[in-house]
Amino acid sequence: MDNFKNFENKKIKFVFTDIDDTLTEHGRLPSNSYDSLWKLYDLGIHVIPITGRPAGWCEMIARMWPVSGIIGENGALYFTYKDKQMKRHFVYDNQTIEDNRKKLNIIKEQVLKEVPGCAIASDQFCRLFDLAVDFCEDVPALEKSAVNKIVQIFKTHGATAKVSSIHVNGWFGDYDKLSMCKIFLQKEFQMDLETAQSEMIFVGDSPNDEPMFGYFNNSFAVFNIKEFVNQLEQKPKYITDKTGGSGFTELIDHILK
Ligand SMILES: [Mg+2]
């Protein structure tokens, strides 16, 4: 991973960014990273958060933040809000969502029984597609072996599982942050990610960002990626000096310099 200051590109038009521990620090959104989003917005640069956070949060972020859309639940959906219209794009229809929820409920019972100390994430009630298991947001941080156990339980049921900095998210299907990013660009901007990516960057901080790190030529991680770097097969190209929102802010300042 190269230092972010070695990145030189003056024609960035799109900033895709993770939220938790990339824009945030210790669970909150600091003023510097929120201000960076507004600087980008005011310059006409599109910001699209790509997060494991739920549909309910995406509704608010699409509406209130200076963004051109948001991809949520690790790629299960995207929302845009413009001209007083909320547009919601989902990977599955309602029947499939309902069928998958029944299967996820079985996994939920097993995880809670077999992994002491974990909990269902407090934002689960506003999720449509996945099950989020908290291993350090509202509960005392669990050992890595317990996190791996949660992942294993999802996998034995044929589900996909990804680890963020706070949750293990599990779902049915092989979509991820990258697959929905491609759909979003195609549908909303009639752009092909492969050919347009010289105008784009991605910023993240943990293993659920791995598909994006691998695909984007301009992929960045904030400094806290160091915690997970040994688990990554696809590493980001660049790393910031600072963690979380401060890392995001120094990166945006550098790009806009
Ligand atoms: Mg994160």
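Note: the structure precedes this text.
Residues numbered from 1 in each chain as written. Predicted model: local features only at pLDDT ≥ 70, side-chain atom pairs only at ≥ 80, totals over all residues.

Undergrad: Describe the sheet that holds strand β7 (residues 119-120), with residues and values.
TA: Across the sheet, which stays open at both edges, the 4 strands sit in the order β7-β8-β10-β9 with antiparallel pairing between neighbours. Edge positions in the sheet fall to β7 and β9 (160-163), since each has one partner strand and no second. As defined by bridge partners, β9 adjoins strand β10 (residues 167-171) across 4 bridges and the pair is classed as antiparallel. Paired with Val-163 across the strands is Val-168, a residue of β10. (Pairing = 2+ DSSP bridges. Helix = DSSP H or I, 4+ residues; strand = E, 2+ residues; numbered from the N terminus.)

Undergrad: Describe in detail the nonpolar core, supporting the description with residues and values.
TA: Here is a general trend for soluble globular proteins: nonpolar side chains tend to be buried in one another's company. The biggest cluster of nonpolar side chains holds 66 residues, and the ones touching the most others in it are Phe-16, Ile-48, Ile-70, Ile-71, Val-133, Ile-150 and Cys-181. Considering each element in turn, this core owes the most residues, 5 residues, to helix α5 (residues 177-189). Those residues in contact with Cys-181 that lie beyond four places of it in its chain are Phe-16, Ile-50, Ile-71 and Leu-193. (Core = buried A, V, L, I, M, F, W, Y, C linked by C-beta atoms within 7 Å. Buried ≥ 20, exposed ≤ 12 C-beta atoms within 10 Å, placed from the backbone. Contact = placed C-beta atoms within 7 Å.)

Undergrad: An account of helix α1 (residues 31-42) is needed here, citing residue identities and associated values.
TA: Between its terminal C-alpha atoms α1 stretches 16 Å, which fits the 16 Å expected from 12 residues at 1.5 Å a residue. For α1, the complete set of buried residues consists of Ser-33, Ser-36, Leu-37 and Leu-40. With its buried residues spanning 100° around the axis, α1 presents them on a single face. For α1, the exposed residues lying more than 90 degrees away from the buried face are Ser-31, Trp-38 and Asp-42. In this structure, the buried side of α1 is in contact with β2 (14-17), β3 (46-49) and α8 (244-256). Of the residues flanking the end of α1, it is Gly-44, one or two places downstream, whose phi is positive at about 80°. (Expected span 1.5 Å × (residues − 1). Arc of directions from axis to C-beta.)

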